[in-house]
Amino acid sequence: MVRRLAVHVLASGSGGNATIVEDTATGAGVLVDCGICKRDFLARCEEAGFDPTRLSAVLVTHEHTDHTKGLGVVMRGLSKLGVEPAVYADVAVRAASREVAALEGTCDMRVFSAGDVLSIEGMQAHVFRTSHDAAASCGFRFECAGDAAALMTDTGVVTGEAHEALLDVRLLALESNHDAHMLERGPYPYSVKRRVASDRGHLSNAQAAEELEALLTHRLEHVVAMHVSQRNNTYQLPGETLAAVVTRAGHGACVQVACQDGLTSIR
Ligand SMILES: [Zn+2]
Ligand SMILES: [Zn+2]
């Protein structure tokens, strides 16, 4: 089994999201989303053993501020370290995001669309559409020298296109946002509950479990539950729910839960 990629979840949840996908053979990496402050970004890179000056691209999944609010400060911080990664976003996201638009003229800005394959330092990033209430939203499947990892958050359902992209990877970062009962009884206003639970909201623990069951190929080694709500979920529930699927199938994949305030790495 080829073990080339590592996924470092620097932060995940409605308070902010940032994940690095690293080619461990070269040390090069790609940052997916940047909803994290510069101090936490640098501290968690160090904890992960990832050199931030090896960052060659930043990919933006969608314009919601929990994915974009740190772009400006982190890009300026990286620039001071002498590195200027290209920033990739969908055209619609670029138009809808104040944070992405503010980078205009300060760095190498590139656009992508769902279906594109981006070649970045020997890594191929396949862009697939997700189902979310954003101008455009996507997930990514990374391929590198025979290894594969996929990352999908902020989607109300798993579309056929997304399922294909997640299938047969070694490392899987999958949204497990809320427990349906906790959401129902929780503090959010009715309209927000409706939005979160809708086809353009977020995946529940049960939806993540159902999808994981369909993704248990022999290649899968590590699963990390992503974008776990601090109001409508606990950090135990997604771990237990996903691990139950793995155990029931007699599969050996290891399940972890990414959190808001600390690093979670799978490799
Ligand atoms: Zn989000
Ligand atoms: Zn979102």
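Refer to the preceding data block for the structure.
A. Just the overall build of the protein chain, in detail. The number of helices and strands found in the protein chain is 10 helices and 14 strands. Here the protein chain has a C-alpha radius of gyration of 17 Å; the compact-globule value for 267 residues is 18 Å, and the two agree. In the protein chain, buried positions account for 57% of the 267 residues. Contacts spanning at least 24 positions in sequence make up 66% of the contacts within the protein chain whose residues lie at least 6 apart. Surface exposure of the protein chain reaches about 10700 Å², of which carbon and sulfur atoms provide 50%. If you average the places of the 24 positive and of the 33 negative side-chain charges in the protein chain, the two averages end up 4 Å apart.

B. Examining the side chain of T61 more closely. Note on placement: T61 falls in the loop between β4 (55-59) and α2 (65-68). Judged by relative accessible area, T61 falls into the buried class, the value being 4%. At 2.9 Å, the side chain of T61 and the side chain of H62 are in polar contact. Apart from residues lying up to four places away in sequence, T61 is in contact with V32, D33, H67, A136, S137, C138 and F140.

C. Up close: helix α9 (residues 205-213). Among the residues of α9, those classed as buried are N205, A208, A209, E211 and L212. Down the axis of α9, the smallest arc covering the buried residues is 165°, so these residues share one side. Among the exposed residues of α9, those oriented more than 90 degrees off its buried face are A206 and E210. For α9, the elements touching its buried residues are α6 (160-166), β11 (171-175), β12 (222-226) and α10 (236-248).

D. Broad picture of the packing of α9 against α10. At a minimum axis separation of 9 Å, α9 and α10 run at an interaxial angle of 25°. One finds that α9 runs roughly parallel with respect to α10. Judged by the twist between their axes, the crossing of α9 over α10 is right-handed. Contact residues: N205, A208, A209, L212 and E213 in α9; L237, P238, T241, L242, V245, V246 and R248 in α10. A per-class count over the contact of α9 with α10 returns eight nonpolar, two polar and two charged.

E. Region of the structure containing the coordination of the zinc ion (ligand 2). Coordination sphere of the zinc ion (ligand 2), protein contribution only: H62 (NE2), H64 (ND1), H132 (NE2) and D154 (OD), at 2.2 to 2.5 Å. One can describe the donor arrangement at the zinc ion (ligand 2) as irregular, given that its four donor atoms subtend angles of 91 to 174° at the metal. Taken in chain order, the donor set of the zinc ion (ligand 2) reads H-x1-H-x67-H-x21-D. The two metals, the zinc ion (ligand 2) and the zinc ion (ligand 1), are separated by 3.4 Å and share D154 as a common coordinating residue. The exposure class of H62 is buried, given its relative accessible area of 1%.

Calculation criteria
Residues numbered from 1 in each chain as written. Chains lettered and ligands numbered in written order. Predicted model: local features only at pLDDT ≥ 70, side-chain atom pairs only at ≥ 80, totals over all residues. Heavy atoms only, no water. Helix = DSSP H or I, 4+ residues; strand = E, 2+ residues; numbered from the N terminus. Rg over C-alpha atoms; globule rule 2.2 N^0.38 Å. Buried < 20%, exposed > 50% of the residue type's maximum accessible area, 1.4 Å probe, protein only. Contact = heavy atoms within 4.5 Å. Areas by Shrake-Rupley, 256 points an atom, 1.4 Å probe, with all protein chains shown as cover. Lys, Arg positive; Asp, Glu negative; His and termini not counted. Charge placed at Lys NZ, Arg CZ, Asp CG, Glu CD. Polar contact = N/O pair within 3.5 Å; in protein donor to acceptor, adjacent residues only side chain to side chain. Arc of directions from axis to C-beta. Axes fitted to C-alpha atoms, helices over the stretch in contact; angles between N-to-C directions. Parallel < 35°, antiparallel > 145°, perpendicular 65-115°, else oblique. Left-handed = near helix turned anticlockwise from the far one by under 90°. Nonpolar A, V, L, I, M, F, W, Y, C, P; charged D, E, K, R; others polar. Donors = N, O, S within 2.8 Å, 3.2 Å for Na, K, Ca; no water. Tetrahedral: all angles 85-135°; square planar, octahedral: opposite > 155°, others 65-115°.

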